[in-house]
Each structure stands twice: as C-alpha cells, then as structure tokens.
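Reading the structure
Spelled out, the chains give:
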Amino acid sequence: MAIAEVPRFVRADGPDKVTGSGRYAADINLTGQLVAKFRYAGVSHARITKLDTSAASAMPGVFAVLTAADVPDVIYSPVVPDRRLFAKDVVRFEGELVAAVAAVDAATAQAAADAIVVEYEDLPIVDDLEAAMADGSPLVHQDWESYAVTGDTVQRPNVASFSSIEKGDVDAAMANADHVVMSRYVADGCHALPIEPRAVVAQWEGEKVTIWTSTQVPFDARAGVCETLQMPASKVRVIVPHLGGGFGGKCGFHFEAHVAALAKAARRPVKLVFSRQEEMVAPDRRREGMIVDITSGVKADGTLVARSGWIAIDNGAYTADAAFFPQLAAMHVAGPYAMEAVKIEASLVYTNHQPSGSVRAPTAPQACWALESHTDELAAMVGMDPVEFRRANIVDEGIEGAAGQVYGEIGLRRCLDAAVEASAYGDDLPDNEAVGVAISWWPSFPGPSGAYIKIDSDGSGMVITGAQECGTGSVMTLRMLAAKELGMEPEDFQLVYQDTSAAPYDTGATGSQTLLNNGRAVVEGAREVAAQLRDLAADRLEAAPDDIVLASGKAHVSGSPDKAVSIVELAGVAAEGEMLIGKGSGTPPEYPSVSAVCVGDQGLAGWAGPQFACHAVHVRLDRETGVVRVLDVSAAHDSGTIINPVAAHGQVEGGIMMGVGQALTEGTQYGDDAKQRNTGLLEYKLQTAADAPTIHTEFIEIPDPNAGPYGAKGLAEAPNVPTAAAIANGVAKLVGMPVRQLPMTAERVWMTSEGMSS
Amino acid sequence: MSFTIATTVDEALVALGAGARPIAGGTDLVVGARHGKAALPADLVAIDRIDELGGVELDSAGVRVGALMSHAEVMTDPVIVGSYTAIADASALVGSPSTRHVGTLGGNVMNGSPAMDTGAPLTVLGATAELRSVTGGRTVSLDELWAGPGRTTANPGELLVALHLPPARDRCGSAYVRLEYRRAMEIAVVGAAAAVTLAADGTVASVAVALAAVAPTILSVDGVNEALVGRTAAAAGPVAGALASEQAAPISDLRASDRYRRHCIGVMAKRAVDAAARRADGESIAVPVNRSIGIGAA
Ligand SMILES: Cc1cc2nc3c(=O)[nH]c(=O)nc-3n(C[C@H](O)[C@H](O)[C@H](O)COP(=O)(O)OP(=O)(O)OC[C@H]3O[C@@H](n4cnc5c(N)ncnc54)[C@H](O)[C@@H]3O)c2cc1C
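Rules behind the numbers
- Residues numbered from 1 in each chain as written.
- Chains lettered and ligands numbered in written order.
- Predicted model: local features only at pLDDT ≥ 70, side-chain atom pairs only at ≥ 80, totals over all residues.
- Heavy atoms only, no water.
- Helix = DSSP H or I, 4+ residues; strand = E, 2+ residues; numbered from the N terminus.
- Rg over C-alpha atoms; globule rule 2.2 N^0.38 Å.
- Buried < 20%, exposed > 50% of the residue type's maximum accessible area, 1.4 Å probe, protein only.
- Contact = heavy atoms within 4.5 Å.
- Areas by Shrake-Rupley, 256 points an atom, 1.4 Å probe, with all protein chains shown as cover.
- Phe/Tyr/Trp six-rings, centres within 6.5 Å; stacked < 30°, edge-to-face > 60°.
- Near = heavy atom within 4 Å.
- Polar contact = N/O pair within 3.5 Å; in protein donor to acceptor, adjacent residues only side chain to side chain.
- Nonpolar A, V, L, I, M, F, W, Y, C, P; charged D, E, K, R; others polar.
- Domains from an automatic or database assignment.
- Pairing = 2+ DSSP bridges.
- Axes fitted to C-alpha atoms, helices over the stretch in contact; angles between N-to-C directions.
- Patch = residues over 30% accessible without salt bridge, like charges linked within 9 Å, V, L, I, M, F, W, Y side chains within 5 Å.
- Salt bridge = Lys/Arg side-chain N within 4 Å of Asp/Glu carboxyl O.
- Lys, Arg positive; Asp, Glu negative; His and termini not counted.
- Charge placed at Lys NZ, Arg CZ, Asp CG, Glu CD.
- Buried area = accessible area lost by both parts, 1.4 Å probe.

What follows deals with the overall build of chain A. Scanning chain A from terminus to terminus reveals 18 helices and 29 strands. Its C-alpha atoms give chain A a radius of gyration of 27 Å, within 12% of the compact-globule value 27 Å for 758 residues. Taking all 758 residues of chain A together, the buried fraction comes to 63%. Taking all contacts inside chain A whose residues are at least 6 apart in sequence as the whole, residues at least 24 apart take part in 80%. Counting only carbon and sulfur atoms, one obtains 50% of the accessible surface of chain A, whose full area is about 26200 Å².

What follows concerns the packing of aromatic side chains. Residues and elements named next belong to chain A. Taken as a whole and judged by the stated rule, the model has 15 aromatic pairs over all chains. Judged by centre distance (6.5 Å) and plane angle (45°), the ring pair of tryptophan 441 and phenylalanine 612 falls under tilted. Placement of tryptophan 441 in strand E17 (residues 433-444) and of phenylalanine 612 in strand E26 (residues 608-622) is noted, with a sequence separation of 171 residues between them. Summarising the burial analysis for this pair, tryptophan 441 and phenylalanine 612 share the class buried.

All names here are of chain B. Pro22, Thr27, Asp28, Thr104 and Asp117 are the nearest of the 30 residues found near the ligand. Proline 22 is positioned with one of its backbone polar atoms (N or O) 2.5 Å from an oxygen atom of the ligand. In the model, an oxygen atom of the ligand is placed 2.6 Å from a nitrogen or oxygen of the threonine 104 side chain. Taking 980 Å² as the accessible area of the ligand by itself, protein coverage stands at 90%. Secondary structure elements with two or more residues in the shell around the ligand: strand E2 (21-23), helix H2 (29-34), helix H7 (105-111) and strand E10 (159-165). In terms of residue class, the shell around the ligand is built from 14 nonpolar, 11 polar and five charged. Formed jointly, the shell around the ligand draws a minimum of three residues from each of two domains, domain 1 (1-52) and domain 2 (172-292).

Moving on, we come to the sheet that holds strand E11 (residues 208-213) of chain A. Residues and elements named next belong to chain A. Read from one edge to the other, the open sheet built from seven strands follows the order E3-E5-E1-E13-E10-E11-E12, with strand pairing classed as mixed. Two strands in the sheet have a free side with no partner beyond their single neighbour: strand E3 (62-66) and strand E12 (236-239). With strand direction ignored, the average angle separating the axes of adjacent strands in the sheet is 20°. Bridge count for strand E10 (residues 199-205) against E11 is six bridges, and the pairing is antiparallel. Of the residues in E11, the one forming a bridge with glutamine 203 is threonine 210. Sheet strands in contact with helix H3 (residues 106-115) are strand E1 (34-40), E3 and strand E5 (97-103), and its direction is about 25° off that of E1.

The strands that make up a sheet are held in pairs by hydrogen bonds between backbone atoms, and each pair lies either parallel or antiparallel. Residue and element names in this part refer to chain B. The sheet built from five strands is open, its strands ordered E4-E5-E10-E6-E7 with antiparallel pairing. Two strands in the sheet have a free side with no partner beyond their single neighbour: strand E4 (56-59) and strand E7 (136-141). Sheet twist, expressed as the average angle between the axes of neighbouring strands with direction ignored, equals 25°. Here strand E5 (residues 62-66) runs beside E10; their pairing, made up of four bridges, is antiparallel. By the bridge assignment for E10, valine 65 is matched with leucine 163. Strands in contact with helix H1 (residues 9-17) are strand E6 (128-133) and E10; relative to E10, the strand with the most contacts, it is inclined by about 125°.

Quick look at a negative patch on the surface now. All names here are of chain A. Together, Asp127, Asp128, Asp672 and Asp673 give the surface a local cluster of negative charge. One can find aspartate 672 in the loop between helix H16 (645-664) and strand E28 (694-699). Classification of aspartate 672 by relative accessible area gives exposed; the value is 79%.

With that settled, the discussion passes to the interface of chain B and chain A. Many descriptions give the size of an interface as the accessible area lost when the pieces come together. Between chain B and chain A, the residue contacts involve 26 residues of the former and 25 residues of the latter. When the two sides are added together, the surface that chain B and chain A hide from each other amounts to roughly 2400 Å², 54% of it contributed by carbon and sulfur. Where chain B touches chain A, the interface holds five salt bridges. The salt bridge involving glutamate 624 of chain A is made with lysine 270 of chain B; its shortest N-O contact spans 2.1 Å.

Moving on, we come to the environment of valine 186 of chain A. All names here are of chain A. Along the polypeptide, valine 186 turns up in strand E9 (residues 179-187). Along the primary structure valine 186 and valine 292 are separated by 106 residues, whereas in three dimensions their C-alpha atoms are 6.3 Å apart. Setting aside its immediate chain neighbours within four residues, valine 186 contacts Met290, Ile291, Trp369, Arg740, Gln741 and Leu742.

All names here are of chain A. For serine 183, the position within the fold is in strand E9. Here the side chain of serine 183 touches glutamate 377 through a polar contact of 2.7 Å, side chain to side chain. Ignoring any residue separated from it by four or fewer positions in sequence, one finds serine 183 in contact with Val292, Asp293, Ile294, His374, Glu377 and Arg740.

When their charged atoms lie close together, side chains carrying opposite charge are able to pair. Taken as a whole and judged by the stated rule, the model has 43 salt bridges over all chains. Where glutamate 279 of chain A meets arginine 198 of chain A, a salt bridge forms, and the shortest distance between an N and an O atom there is 2.7 Å. Of this pair, glutamate 279 of chain A sits in helix H8 (residues 276-281) while arginine 198 of chain A is found in the loop between E9 and E10, placing the two residues 81 residues apart along the sequence. For the pair shown, glutamate 279 of chain A and arginine 198 of chain A are each scored as buried. Salt-bridge contacts for arginine 278 of chain B lead to glutamate 283 of chain B; the nearest nitrogen and oxygen are separated by 2.7 Å. Of the residues examined, arginine 278 of chain B reaches a relative accessible area of 33% and is grouped as partly exposed. Three or more residues joined by partner-sharing salt bridges are found here, namely Arg11, Asp13, Lys17 and Glu469 of chain A.

Domain assignment breaks chain B into domain 1 (1-52) and domain 2 (172-292). For domain 1 of chain B versus domain 2 of chain B, the distance between C-alpha centres works out to 34 Å.

All names here are of chain A. Burial of strand E24 (residues 580-584) is one-sided: the residues Leu580, Gly582 and Gly584 facing one way are buried, the residues Ile581 and Lys583 facing the other way are not. The pairing of strand E18 (residues 451-455) with E24 spans five bridges and is classified as antiparallel. Within the sheet, the bridge partner assigned to isoleucine 455 lies in E24 and is leucine 580.

With that out of the way, let us pick up the pairing of strand E2 (residues 46-52) of chain A. All names here are of chain A. Of the strand pairs in this sheet, E2 and strand E4 (residues 90-91) are connected by two bridges, and their pairing is antiparallel. Bridge pairing in E4 places alanine 46 opposite valine 91. In this sheet, strand E6 (residues 117-122) lies alongside E2 in antiparallel orientation, the contact comprising six bridges. Its bridge partner being in E6, arginine 47 is matched across the sheet by glutamate 121.

Laid out in structure tokens, this is it:
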C-alpha cells in the first residue's frame, strides 16, 4: 500500500542542492572568524614524552592552542567510555588529536599546528586481531578495567565488548549432522566516504555556544559537547545546514567540542573544514575489518541443523558506538535461517587503527558476505542448488530464528523468489558470466522521537522536527505523512529541522530510523491538528466533529462533500484564537523477547520490524586478470509499507552501489606502522557512475503492525547488506571456489583462481 | 609570481625563456599541486589559447598532431581514429568526460608519467616530438624525450608544439589496452599498445609493442618484431605477451603487486596485438578497445 499516488515526489531540498543555492556548513562565514587546524598523532601507538605548544602560541595570528590540559578531563563515549577530546599521555592511532589551533587563516593555523613540538616513546603496535586477543598481547588500553562501562557489556584484555548468542546444544546437533563445513572469511575495513568532508563552525555569545556542523545526529553532537565541555544542554545549540552525505561517517559526536573550545579560548568564531585525507583518517566512524569463522552442520537432505561461529571485529583504538557490534555481527552470522542449535561468539577487538563506528548497516555486509558465501559452500556440499538450499532453511512466519525469535508475516521467501525470478539465474550464460544470490536481514530500531506540527494563518503547514536529513529523503517524506492526516498536499508543508533548539529530540539520521520513529511522531502531531480542525469545522458546519472529513484542502461533513469549509479559512479563524498546533512522539514499537542465551547482551537479539532482502547479481569475470564487473542486480526488499517510492528506490540503488564498492574495490590498506596507506580517492577506489549496473528493485510490501507509520520498517541500511555477498557467490561460481577476502579485488580473484594465497 | 596568457607560440616561448612553466589543461599541474606532489610554479604561461598548437594536419612526412589537441578531440579525430587508432583508444580512456575535454595530448606526453595512456601508443606508432624554444627547434624521438618518472629531457625553455607520426601504411592496425579496476577515473595499472602490419598472406609483416606503468618510463618491448614476423596473427599475441611479461620491470604499490602486474602486462600485450592485428585485417573495433573487448566491454 503506497500512500502516494503521486508518481514523483520533489524533495524539499532538491532544487537548492541542484542549483547550488543550498548552503553547507563549510559555506558559513562569520565576522572575525578564525580557522582551526588539528595536530594529529601521526604515529599509531606511543607515549607522549614531550608536548610543547609555546612556539605555536607565540606565532603572530595564532589566537588559541589547545591540548588535553586546556579542556575538562572527561573520558567519554557511549557504553564503553574510553577516550578524551585530546590525547593524554598515550596516542593510540595516527588520527588521534594531540592539539588544536585557531588562527587568522589556514596557512597560519597549519604552520602553528606544525610548530607544536611532540616527542614520543614508541609503544608496541597492536594491529592483528587474533594476536591482540592472545594471552600476553600488548594492550591498547592499559587502564581498560577502570572504564565506566554501562549495561551488560562484557570486556576482556583488548576486547572492548564481547557477545555471544547460544541456543540448544551445538555439539550434539553437530554430531548428528551428515556434513560439517568450516569456513574462514576476512574482510578489510573501509570508509563511509560522504562526498562532503565535514565542517564545523562555532560561535559563542556570552555563555551560550551555537555550533553549525555537518553531523547526522545533532542531538548526539550536542550531548557530546555538553559531556566533554561540561555544559548544560540549554547553553548549546547545534544547527546542521545542508548535509553532503553521511552514510554513518557523520554519526556520533566528533569535533564539535574541539571547535567550540577553540572559539571560547580565542573569543572569536572558529571554523574547521576537513580535507579528504582528514575525513578518511580522523573520525571514529569507518567500517570495521572482520574475521569470521563459521561452522555449520547439515543433514544429507539439506536441512541446516547447527551453526557455530567465531567473529573478531576490529574496533580500532577507541570504542565510539561500536559496543553493540559483536551482537549484531553474531546475528548476521546466524542469519535468517532456522536451526536447532547455535553458538556464536563475537569480540570487538582493540587495535591501533582508526576507530570503527556505525557505517551504513554496521558489521552486516561483511558478516552477510561470509555467511552467504558459506551457505553456497553448504549447498555445494549436499549437492543442492543454492537457491533451493535457502528455500529449505530460511525463517518464515511462525518459524523460530537462530536466536529464538518467532516471526510474524515476513517477506523473506517472496524476496528470494522475486529477486531470483527477475534475474538471469538458471539461464544459459556465457562461460565468464554467472548469477550469485544472497539473502539478508536487518533490524529496525525503535526509539524516542518528537515533532511539532502547526498550520499558520494562511493555511500553510509546517513540520518542526528533530529528525535529520542526511540525503535519504526520509525527512522530506514526513511532509507526505502530515499531508495525508490533514487532507492537504505534501507541498503545503514547510520543514524546520536540524536545529536542537527548535525541535524536540530525535536520534538523528542513524539506524534507518527516521521514518520509523519520527514518522510516528509526525502522524501523531498531525492528528492533534486534525482534531483541532475538525472542532473548528464542526462549529461552522453545524455537525459533530467526528463527522468531519479532511480531504482535498477542505473540511467537509461526511457524506456531504458540498457542506465544506476550506482549511485555509479555518486556519484564518484559528489564528485569531485557539491556534492549530500539534505535537507528537508516540509509543515506540516493542523489542520482541527471545529464547537464546545472550552474554554481553546489547538488546539486539530480538528485532522489531525485521527487514529482509534478496539480491541476485549477474557478474562477468575477466578470467585472465580477475577483474569482475557487475552487470545487473535484481533486488527484492521487505521493508514493510513503502511510503515514498521514489526515495525508496533511491535508497536501494545507493545501497547497492555502496555494496559493489565494498565487494570489489573499496578497502583500507595498512602499513606495518598500522597507518592507512590509501587515504585519497586516487588509491581508495569508489565505484563511479560508469560502473553502475542495471538495477531492478521490487518491494514486497507487508505492513508490519509492530513498526513505523502504516506498517513501514526502515530501509536506509538494508540495501547495503547482501550485495557484496551476492557478487561473491557469482564470482565463486566462475572461479570454482570462494574468494575469502573482502574486497574481492582483481588481484585477489586472480590469485584465488590460480590457487595462490595472499 | 606571474601568469601570462599567450596567444601565439612566440609569446609563449618568450615567457618560457624568462622561466615560466607552460600550463595547457592543468589537469596534471594543478591537480598535482593540490595533491601536494609539487608546488604550483611561481610563473606560468597559459598555452591553451594558442591556435597554432591545435589541429591535425596531413603532410608529406605523415601527420602532425598539435600538442594542444584535447583527449576528447583526439578520440574522435577521423585521421587518428582511422590510421593511428591506438592513440584514440588511449585518449578515450583518460579520466572522465571533463578530464578529456580539458586535458591535452601534449600535457600527457610532457608530464612524463610512466602510467600515461598515450605514451605507449605514440611509441609503437613511431611518433616524434617537435620542441621549440626562442633559440630554435628540434625534433626528438619519444625514447629520447622521456627521462624517468615525471622527467623529460626538454629544456625549461622548450615547448612541445606537435607530435609527428609517419605516414599510415596499408594493412596496419594499432590498439591500446589497459588494465583498469573501474570504468572511469582510472589510472592504468598496466597498459600495452601494439602496432601490427600484416603481409598479403595474413602473417605479421612488422610489429611494435610498448608498455605503460611497468617501468620508470614507457617501455618498448625488445625483439618482438624479430619474434613475430612471419607468424600468423593468432600466434603473435601470446608470444608478444610472454616477451612483455619478461621485460617488464614493475613495482609493487597500492594498486597491484609486481607479480600481478607482470602477469597482467602479458595479458594486455597479447590483447593489444590481437586487436591491432584484427584492425590491420580490416575489422572495425570501436574506440576504445577496452570498451569493445574484455572486461570493460558494455
Ligand atoms: C581526474 C583525472 C583523471 C586522469 N586520468 C588520466 C588517465 O586515465 N590517463 C592518463 O594518462 N592521464 C590521466 N590524467 C592525467 C592528465 O589528465 C593527463 O596527463 C592530461 O593529458 C594532461 O594534460 P594537461 O593539458 O591537463 O596538462 P597540464 O597539467 O597543463 O601539464 C602537464 C605538464 O606538462 C607540461 N606541459 C603541458 N603542455 C606542454 C607543452 N605543450 N610543452 C611543454 N610542456 C607542456 C606542463 O608544464 C606540466 O608540467 C588524469 C587527470 C585527472 C585530474
């Protein structure tokens, strides 16, 4: 059920962005503004033996130089607080901030940052996940036991967060299996890579600071500033101008406090604009490298009976928001399959790499790639067609999943059927082409969220929301929801968003949650206004409020369309007295309970609004060079009701392109010094428009009662999950065995086909 | 610091004589400076408005290709596409449409990158470079011109005005193939060009093969003519590939290991010889070869 009959929906921010009149954070310039530059550690693990800023401070044009000594000594981060604004005593990755400078211009600020004297004593580098977990490994955090960890988070030496999911007796079930298949898959880390490198501008007026920043999560950013600079929320206002993409890279709290602290010390507004290289090195949000070991037991008839898994996730030097990654990764290694017994253990391992954090569907594309490659290995072991093997083992309505959640009506089977049907699967193809298939799932994330709705005297509406637009268009879609409740058009509504002092709380553009949660808030707020309109109309039309229908910009009496008054007229009346103002937050959907035993539980074993997908990808392999091209992707998604089809297709297409990049060309390469070697777009290869395959998308629309408005689930992350896995299965068919490293670069594919290991 | 906009070659030469560096499309010079490769020269002379530096002219000695021909012009020029196809293959692969419209053949040659795409094609087609300075002119082979990565033997006062190609021969075809990981905005991981002339009986009458991105400068494959003359076109490719792999001196870097480069240069050389021979035989393979055969094809 699409609520939009309109074939095209024009984004409220589209014309501004396309014509160039839209303003981004880097476009903001304030009177007297200074430029910020950071001094980065430049080494991966070392003790600071000397830090002298005197020469930098003495340079003409330098207004402020800050180090850890100049800001409150606060250890922050959600769940596993393990970092400070500036390094204190020890630096743990190359992009860690040692100092910050504000100066009259960029050249002066850079010269001053360079003039800061830092001396180090090397500490042993920790950059191998397995070695880091071994007894006696050097520690990334000597004081890990003193951190004020919250929740049920389990920690160990060099392990920031451990989770396991266990159901049934795996050993017994494995013993009953006819075949047991073990696989190891290793994924490199990669980047979110929004086209806009971030910018932050801070300006103080008295004790209050206003921060313009390119963040996906303005309320999180504000909370970070409040926590680290020890300020009340009432004194911090965060505003986000147009955002040039995020993909998770701009989730969390990043450099807002550093710039605010510089502005305070300098008594001038300060602006920070990142270079591409800084964007790739400094933020604590990049996609995590991962080692996945999976062992599954199957019956000769293809019934999956048991699965055990061991997962090591590269946390990098600090935990950012990654404490939930192990549980999420474990769920993805279990996958949307039924089995009697499962035991999966996952560890988030500290290393001296850039910190990991939520990038579009954290842990899932890698874990799905490992699981779905393994699943094709299982099918081959029992001599079954891989699609048939999946049909025989997937979860469905009334079936219990690996963690013990029992599902309602879900569209996984229909996704599998639809994607395969739309693809060339089973067709006669040239001998260098194949179709690979992968299925996937992803949770929806219920949470608190609020919005105000008002209608002004001229009848124009406004949605004032805490939600953040990061390019997905979901905030734009909120206008459709308000319009539907009020019998108006989406274009009748303006949006006020991305300002923490104007709107109620929302989690931000993270976890595919905007439409799910803020949509609910907007509907509830609009319903308040609808009730107000009906009361007003009832008075005028001499009818009961319950008999008033709002449609086509009018309020009319049910059954008598001619007995009507326009909303514009009612708005004029209301403006003289009881105004048209609504508010909403609504009750978030509930997390279902599960029967599995979860150590280190982060609340993610039972999923509300679970989303399902299948991608069938037609690939071509240049056998002599190992270069893979993706020709065609058939995608089918169950994300519940699709409210804005244009935006929904955009999400799927974008997610697939990101998946193609992760599958084939995008991977961070590290040197022996644990520093990234490909921190520019010349050597870190994104996909281009010229590489884009043909994409067919089908939505399996099953309204989910325990999800968002009209039964909508999330959609922003799910399309990114199965693409790499499906590509891998196509490639494996052509090579004759899986390529066990991600990205499956041409050289790795070639080496695999030549029987070499790298 | 100065920026001179020259409208004639003579004006440009005066500025060069006074120490300015030429800037054509700026896609190497400016992008390199932004990337921190080398600071932008203090004194620049823009040569992009000099009409004399453009165009393709046929003369008794063959063809003169102006240094200022953009890649977009090169890839569609009927003479180049018709008789010197490998150069068109190369230009058609450069960067993106915007790079090709701004970047020039002369800039590609004078920038001297070992990964330059037009270098191997120009080499196998026997191109020479016409350099001019306030004191006069000279014509040098490309082999003499390129001195190492990013270095040429041209004097600071010399401008590349044109590339000269010998007259087109009958039953001659050429092609340039490169290994690329994506279909736009790519730099050659390795690349190979071949020019093949066929005898009346379809065997190879003469052949030249040159390689990009496997040595400090463009590498001509030695002994390939001797090894291939008299062979059938079909047999020629693999032999050329083996020679190319043998003679390449590739490095390991972020794009590929030396081992993989050495393997792939053989594949590229084989494909270049195959495509060149097919073109020599009259077959029409659209420019660029990378989009017509192999992995980059539509
Ligand atoms: C996004 C992008 C993609 C690219 N992709 C490719 C690619 O696929 N393949 C490839 O080979 N290259 C590629 N390049 C490099 C570049 O575009 C080409 O080398 C181009 O041909 C350079 O020409 P230009 O006119 O822009 O040179 P400029 O930058 O103007 O000059 C380059 C150098 O040559 C000198 N110079 C220029 N003209 C003359 C002259 N007439 N006489 C003497 N010296 C001269 C300049 O002083 C400078 O040192 C790419 C560049 C970019 C930015």
